[in-house]
Each structure stands twice: as structure tokens, then as C-alpha cells.
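Secondary and tertiary structure notes
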Amino acid sequence: MKNHSKVGFETKCVHSGIDEYEYGSVVPPIYQTSTFKFKSAQHGASLFAGEEKGYIYTRMLNPTVQAMEDAIAALEGGHKALGCGSGMAAVHTIFAALTQAGDHVVCSSAVYGPTTTLLNTIMKKFGVETTFVDTSNLDEVKKAIKPNTKVVYVETPGNPTLCISDLEEVSKIAHKANVKVVVDNTFMSPALQNPLALGADVVMHSLTKFLNGHADVVGGIVVVKDEETYQHFRKTLNQTGGVIDPFNSFLVHRGLKTLAIRMDKHCESAQTIAEWLEKHPMIDSIRFPGLKSHPDYQIGLKQHKGPGGMITIELKGGLEAGRLMMNSVKLFQLAVSLGGVESLIQHPASMTHFSMGKEARLAGGITDGLVRISVGIENVKDLIADLEQALKKVEEAHLKDVEVHV
Ligand code: LCS
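Quick caveat, the model's predicted, so the values are computed rather than measured.

Reading the values: the criteria
- Residues numbered from 1 in each chain as written.
- Predicted model: local features only at pLDDT ≥ 70, side-chain atom pairs only at ≥ 80, totals over all residues.
- Heavy atoms only, no water.
- Helix = DSSP H or I, 4+ residues; strand = E, 2+ residues; numbered from the N terminus.
- Buried < 20%, exposed > 50% of the residue type's maximum accessible area, 1.4 Å probe, protein only.
- Contact = heavy atoms within 4.5 Å.
- Areas by Shrake-Rupley, 256 points an atom, 1.4 Å probe, with all protein chains shown as cover.
- Lys, Arg positive; Asp, Glu negative; His and termini not counted.
- Charge placed at Lys NZ, Arg CZ, Asp CG, Glu CD.
- Domains from an automatic or database assignment.
- Buried area = accessible area lost by both parts, 1.4 Å probe.
- Phe/Tyr/Trp six-rings, centres within 6.5 Å; stacked < 30°, edge-to-face > 60°.
- Arc of directions from axis to C-beta.
- Polar contact = N/O pair within 3.5 Å; in protein donor to acceptor, adjacent residues only side chain to side chain.
- Pairing = 2+ DSSP bridges.
- Axes fitted to C-alpha atoms, helices over the stretch in contact; angles between N-to-C directions.
- 1 Å grid on protein atoms, 1.4 Å probe; cavity = no way out; pocket = protein on both sides within 12 Å on 5 of 7 lines; lining within 4 Å.
- Points joined across faces, edges and corners; volume = space filled by probe spheres on them.
- Nonpolar A, V, L, I, M, F, W, Y, C, P; charged D, E, K, R; others polar.

1. Some points on the overall build of the protein chain
Looking only at helices and strands, one finds 14 helices and twelve strands in the protein chain. On the principal axes, the C-alpha backbone points of the protein chain span a range of 85 × 55 × 35 Å. The proportion of buried residues among the 406 residues of the protein chain is 54%. Sequence separation of 24 or more characterises 72% of the internal contacts of the protein chain that already satisfy a separation of 6 or more. Accessible area of the protein chain: about 17900 Å², with a carbon and sulfur share of 54%. Across the protein chain, the 40 positively charged side chains and the 44 negatively charged ones have centroids separated by 3 Å.

Here it is as C-alpha cells:
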């Protein structure tokens, strides 16, 4: 579908990136090839010189990959997109393309752990310095921008604290200082949040999560707004080599077709579960963008089309109680990652955010007792029953503990 602008989001999910294919194939064929034959030596030379359009080599561009990229660019309202081998390859591509030695980055303090680690190790080694701030606090963003700042990198809602940054306001502040805004939109997906429309310059996703949605692909994507940026990013990705392959692109493109209905279900079930958890006696604190108790609930209402499928909780009894809960669930699976059809539970401090180190974790609000839940699309009553039986064990252990200490 070439003209995406006028149809609804659900229609875009099903039809974006789809073209006319040989034999009338309704879905994009998997061009599982590393290289493409030239018609002549002159043809090959003119493709390399950019005088003619066509495919050369799969690291440079592949039709199955491109179909998936076009689909996601349309869903995000961007110009074009670049498929990467993982979300981290997408993060690396962005910093490799937008920064050089002597530059400075402002980054949200609550982001996926390895993003912090990449900035603090590899990017630092190449001369790029980063200041981590709570980007939900606009004064902190303003204060952190320096004359050599090139990028404000925002993850919202942040992983795992679910803090929400106001993308319109952050973009205004950054653009005044001529700084690019990059948004990791993994937790919301384009079904619930469109950062480019809110002022951001570049959007990225871990495709591994909601966009693919079936926990069977690792991939990433970068969406840009104009051809010049696209060409610059494409050259960077071609040189660093972190591309996604045709088969994984096919799977992601297939997953996209159900994105709208999956996100509706994730949001609805997560809202029901969060409201149930909030009233449970063993919950010490809970963060969910759809609860009025969320400190940035109003910004979420303005910025999101739904609350998403991620919940974080802290239990009475802290880390030990959290561990007992994670070991007691039966339907929820104890695993990292998120955004798939199956519900998952994990412990950020010892798992996804372990590599950051305790100091950076606590600065980002990631306490040792925090437990993260990714709500899948199973029957919500079954999910609540599972949490109920696990929390019952936590409650019994807590009561025993209280008795021992009386
Ligand atoms: N950005 C966010 C917000 C993420 O949650 C992740 C992965 C990435 C980037 C990196 O993507 P990947 O390279 O894994 O495709 N988040 C994970 C998580 O929370 N648990 O396991 C992976």
C-alpha cells in the first residue's frame, strides 16, 4: 500500500509495506539470498554508483527487509526505516550516526540497562560523554544540555520504572539548543505513541518486543523523518553491519498485522490486573501508566493512546518477597524480554538492569525489590488467578516472618 496517510491504524498494520508480488502472492516473499545478480558489468557499476535503483547485497538492502522497514516507517509516520539485528544494534547505529569524539549526550536515567552500559563503555571509549537525568523532569533536561550536546535520548515509558517523559516539551527544549531528540518507543509501540508527531527526530524500537509480538525474533528498527538522515544512517549501518536478516524481517512483518488488536488486549488486561494489584494487601507500590496514582498520569493521557502492557510492583517484604512471587507463578513465565503474547515476569536488578551497576540503577529509581510484569494476551481471569495464588504464598511467608519477629 503506497498511500498510508488516510487509512486507520488497523488498516496500516495489515497493508503497509505490501506491494504487488510475483504469482499474485499476498504476503511478501522471503528473499533468502545474500546477493543479487547484475544484468551486466555496466549494470553492477551503475547500481554501486547510485545511478540506477536495485538490490546489490543483503547487508546493503534486501526486498523482504525493506518491506518490513516500509511498514514500520508508515506506522510511525516516518519517512523511512532501517532494520537492525537487535534493539541494541539500533541504539548503536543511532549513536554511531549522530555523534563523534568530543560530543555529549543527555540520556534518561531509567532506560534498558545495556543502553546505559553502551553509553558508559563503548561510546565513552570513543570520546562521547553522557549525562543521565530524569527526563520526566524538564528542568533537569534543560540544565544537562551543554554546547557540545548532540542528542537527547529518551526512553518513555522508561524500562523498568515506567516513568513518563513529556516528548513535546523535551523536543522544544532540545530543538532550541539545536539538539536532536531520539526516542526509544519500545514500551508503547506505534499503536500507542507516535514520537515523531510529538516532535522527536528519530524513533527506535526493539522489534523483539511488541512489534514482532511472538517472542521468536531478535531485531531492532530506526525510523527517520527525511531522506538525508536516512542516507546517512544507511551508510552507517552498512559499515557497522548490524542488519536484520530476511527471515526475521518476514516474521516481524507478519507480527505487525496483528499489532493493533494485540495492543488493545495488552492494554485492557494490564489495566484490569494493575487495578487488582493496587488493592492487594501485599503490594507496597505499583507503577502503571493507566493508574491515577502514576505521578505522570496526566502526561500519559496526553501522549498515549493506551496505558501499555507493562506493570512494575514492589512487594511488602522487598526482594525476598519478589523472589518468592517469581518462583511461585505458574502461568506467567520467569523470563526477560517483554511485549509477547505470553505473560512474563522478571527481576530488573539481578537480570535486565544488572549490567548497569547498583549506583546507576538506584539513580534511575530501579530498586532491588522491583518486579516487572509483561502482560500477555491470555484470559485475564487466568492471569489474575495465577498472581493471586503466588501472592498468597508471599502473604503466608510474610505472616510467618511477622510471627517470628514478635
Ligand atoms: N530498548 C528497550 C526499551 C528494551 O526493552 C530493549 C530490550 C532494548 C532496547 C534492546 O533490544 P534487544 O537488543 O534486546 O532487541 N529489553 C529487554 C528487556 O527488558 N528484557 O530483555 C530484553
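2. Focus: the domain arrangement of the protein chain
Examined at the domain level, the protein chain breaks down into domain 1 (9-256) and domain 2 (260-399). A separation of 27 Å is found between the C-alpha centroids of domain 1 and domain 2. Across the contact, 42 residues belong to domain 1 and 40 residues belong to domain 2. In total, about 3100 Å² of surface goes out of reach between domain 1 and domain 2, with carbon and sulfur atoms giving 61% of it.

3. Quick look at the packing of aromatic side chains
Counted according to the given criterion, the structure contains four aromatic pairs. Aromatic side chains Phe38 and Phe48 sit 6.4 Å apart centroid to centroid with 75 degrees between the ring planes, which places their arrangement in the edge-to-face category. One end of the pair, Phe38, is in the loop between helix H1 (9-15) and helix H2 (41-48); the other, Phe48, is in helix H2, and ten residues separate them in sequence. Arranged with centres 6.4 Å apart and planes meeting at 15 degrees, the rings of Phe247 and Phe250 form a pair that is stacked. You can see Phe247 and its partner Phe250 sitting in helix H9 (residues 246-256), three residues apart, about one turn around the helix. The exposure class of Phe247 is partly exposed, given its relative accessible area of 40%.

4. Notes on helix H7 (residues 167-176)
Of all the positions in H7, only Leu167, Val170, Ser171, Ile173 and Ala174 are classed as buried. Seen along its axis, H7 keeps its buried residues to an arc of 165 degrees; they face one direction. Residues of H7 that are exposed and point over 90 degrees away from its buried face: Lys172 and Lys176. Buried residues in H7 make contact with helix H6 (138-144), strand E4 (149-155), strand E5 (180-184) and helix H11 (297-303). Capping the start of H7, Asp166 holds a side-chain oxygen 3.2 Å from the backbone nitrogen of Glu168, two or three residues further along. Once H7 ends, the next one or two residues include Asn178, with phi positive near 65 degrees.

5. Comments concerning the sheet that holds strand E12 (residues 370-374)
Ordered in space as E8-E9-E12-E11-E10, the five strands form an open sheet in which the pairing is mixed. Edge positions in the open sheet fall to strand E8 (283-287) and strand E10 (333-334), since each of these has one partner strand only. Note that E8 and strand E9 (residues 310-315) share four bridges and pair antiparallel. Bridging across to E9, Ile283 finds its partner in Leu315. The sheet strands contacting helix H10 (residues 259-279) are E8, E9 and E12, and the helix crosses E9 at an angle near 15 degrees.

6. Quick look at the layout of surface pockets
In this model, the largest pocket occupies a volume close to 690 Å³. What lines the largest pocket is a set of 18 residues, and nearest its centre among them are Lys53, Gly54, Leu61, Gln231 and Arg234. The set of elements that each furnish at least two residues to the lining of the largest pocket consists of H2 and helix H8 (227-240). With six residues, H8 is the single largest residue contributor to the lining of the largest pocket. When the residues that make up the lining of the largest pocket are grouped by side-chain class, the tally is seven nonpolar, five polar and six charged.

7. Points about the sheet that holds strand E1 (residues 80-84)
Pairing is mixed across the open sheet formed by seven strands, whose spatial order is E1-E7-E6-E5-E4-E2-E3. Sheet topology places E1 and strand E3 (129-133) at the edges, where each strand pairs with a single neighbour. Neighbour-to-neighbour, the strand axes of the sheet open up by a mean angle of 20 degrees, direction not taken into account. With five bridges connecting them, strand E2 (residues 104-108) and E3 associate as parallel partners. Looking at the pairing, Val106 lines up with Thr131 of E3. Helix H5 (residues 113-125) contacts E2, E3 and E4 of the sheet and is inclined by roughly 155 degrees relative to E3.

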